Amino acid sequence: MMGLPRFSRPKGVDGQLSPNLYVANCGPAVGLSFDTIASVFSKFGEVKGIYPADDSGARIIVSYFEESSAQAALKELHGHPCPVLGGRLLHIRYSVVQPPCQVSDSAPVSLVDSELNIPGIHLFHDFVSAKEEEELLAAVDKRSWNSLSKRRVQHYGYEFCYETRNVNTKQYLGELPSFVSAIVERISSFPSLECTADLVLDQLTVNEYPLGVGLSPHIDTHSAFEGFIFSLSLAGPCIMEFRRYTESAWLPKSASSSDMSVECPDNSSSFLRKAIYLPPRSMLLLSGEARYAWHHYIPHHKIDMVKDSVIRRSPRRVSFTFRKVRMGPCQCDFPQYCDSPR
């Protein structure tokens, strides 16, 4: 789930055309799930997302990719009872997205994990040496890369499918490469991580981020991976922001959580924000609440402000993310963020 788009007040049935519809008498508060609503409105065209219009739970925004889809839905559904939606009489108006805005950079950036006060986050500085960093980068540069829209990736053990946001456990790619064996061993024997001693990491994704490229807010799919995620930063620094959303929204389940753009989040009400500085050669561990309930996000910046200092990003940053593929349903304590049926 991403930061929620913000929409202006309804413009009226005959007002400004828009691919976005403000729909009243519709939503969770009147017993209608976002999936049920989507099944009705998707008949008129591809739905980009469904969002709460306010805190009432009875008014929503349906956002289409095409203006013509919204026009057809309004014509067919406005002022008419809908059998699929319990016979409710829908009141529909056009609505438009407010002008694009920047996410405020006012969130203070921590240098150590204890300042975040988010259970389950651990940051280990200088997890690898400069020589090891050089060897790891040389090793992946000898392998072939897969190109995404703005960055390149490599997958080992199991391939992560960005279309489904999951892994196919039947397509095993083999053991993790030998050049990360020392890193995996170091993770399992780290003194303060007794809970990882018996953890067998079997999936590695290597990401290469060019200058100015980040990562959109997302939670790694619960059903795809177990509860420990380790991310090693190499070649350059970055800021990682963590967001705990206080509102819910429906988004197409086939959309990629890793490459979707953020549309003007509402800083004050949509989520809590905290940030930490990840220096080169540091290892970040996400577990528990941090892994299951907080979105993580790398701003698309060329420079970052850290404790009143300007930190320039490197021409290239490479991350090694180690995970354990989940072979059964997730049983976490955060069902509101979980995709496994309960």
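What you are looking at is a predicted structure, and each value in this text was computed from that prediction instead of being measured.

Q: I tried to follow the overall build of the chain on my own but got confused; where do I start?
A: Counting its secondary structure elements, the chain contains five helices and 22 strands. Buried residues in the chain amount to 51% of all 342 residues. The contacts of the chain with a sequence gap of at least 6 include a subset with a gap of at least 24, amounting to 81%. A total of about 16,100 Å² of accessible surface is found on the chain, and carbon and sulfur atoms cover 51% of it.

Q: Any chance you could explain the state of the cysteines here in plain terms?
A: In a disulfide, the sulfur atoms of two cysteines are held together by a covalent bond. One pass over the full model with this rule turns up zero disulfides. Of the cysteine sulfurs around Cys-330, a residue in no disulfide, the closest is that of Cys-332, at 3.6 Å.

Q: Where do I start with the side chain of Ser-69 in this structure?
A: Summarising the element assignment, Ser-69 is placed in helix H2 (residues 67-77). For Ser-69, a relative accessible area of 7% puts it in the buried group. The contacts of Ser-69, once residues within four sequence positions are left out, are Phe-44, Gly-45, Glu-46 and Tyr-64.

Q: Whenever I open this one, the pairing of strand E22 (residues 316-323) confuses me. Can you help?
A: Residues in a regular strand project their side chains so that they alternate between the two faces of the sheet. With seven of eight residues buried, E22 lies mostly within the body of the structure. Relative to E22, strand E13 (residues 203-210) runs antiparallel, the two being bridged by eight bridges. Bridging from a neighbouring strand, Leu-204 pairs with Phe-322 of E22.

Q: How do you make sense of the sheet that holds strand E17 (residues 271-278) when you look at a structure like this?
A: Spatial strand order, E7-E17-E16-E19-E14: five strands in an open sheet with mixed pairing. Every other strand in the sheet has two partners, leaving strand E7 (109-110) and strand E14 (215-218) as the edge strands with one partner each. Note that strand E16 (residues 238-245) and strand E19 (residues 295-298) share three bridges and pair antiparallel. The residue bridging Arg-243 from the neighbouring strand is His-295, located in E19.

Q: Can you walk me through a nonpolar patch on the surface in this structure?
A: A cluster of nonpolar side chains, Ile-303, Met-305 and Val-310, forms an exposed patch at the surface whose accessible area comes to about 270 Å². Here Val-310 lies in strand E21 (residues 309-312). For Val-310, a relative accessible area of 48% gives the class partly exposed.

Q: Please clarify how unusual backbone geometry should be interpreted in this entry.
A: Among all residues save glycine, negative phi is the norm, and among peptide bonds the norm is trans. The backbone phi angle of Asn-25 is positive, close to 65°, even though this residue is not glycine. With respect to the secondary-structure elements, Asn-25 resides in the loop between strand E1 (20-24) and helix H1 (34-41). Looking at Asn-25, the relative accessible area reads 23%, which means it is partly exposed. Phi at Arg-165 takes a positive value of approximately 60°, unusual for a residue other than glycine. Structurally, the position occupied by Arg-165 is in the loop between strand E11 (160-161) and strand E12 (166-167).

Reading the values: rules and limits
Residues numbered from 1 in each chain as written. Predicted model: local features only at pLDDT ≥ 70, side-chain atom pairs only at ≥ 80, totals over all residues. Heavy atoms only, no water. Helix = DSSP H or I, 4+ residues; strand = E, 2+ residues; numbered from the N terminus. Buried < 20%, exposed > 50% of the residue type's maximum accessible area, 1.4 Å probe, protein only. Contact = heavy atoms within 4.5 Å. Areas by Shrake-Rupley, 256 points an atom, 1.4 Å probe, with all protein chains shown as cover. Disulfide = S-S within 2.5 Å. Pairing = 2+ DSSP bridges. Patch = residues over 30% accessible without salt bridge, like charges linked within 9 Å, V, L, I, M, F, W, Y side chains within 5 Å. Salt bridge = Lys/Arg side-chain N within 4 Å of Asp/Glu carboxyl O.

Shape is all these values report; function is a separate question.
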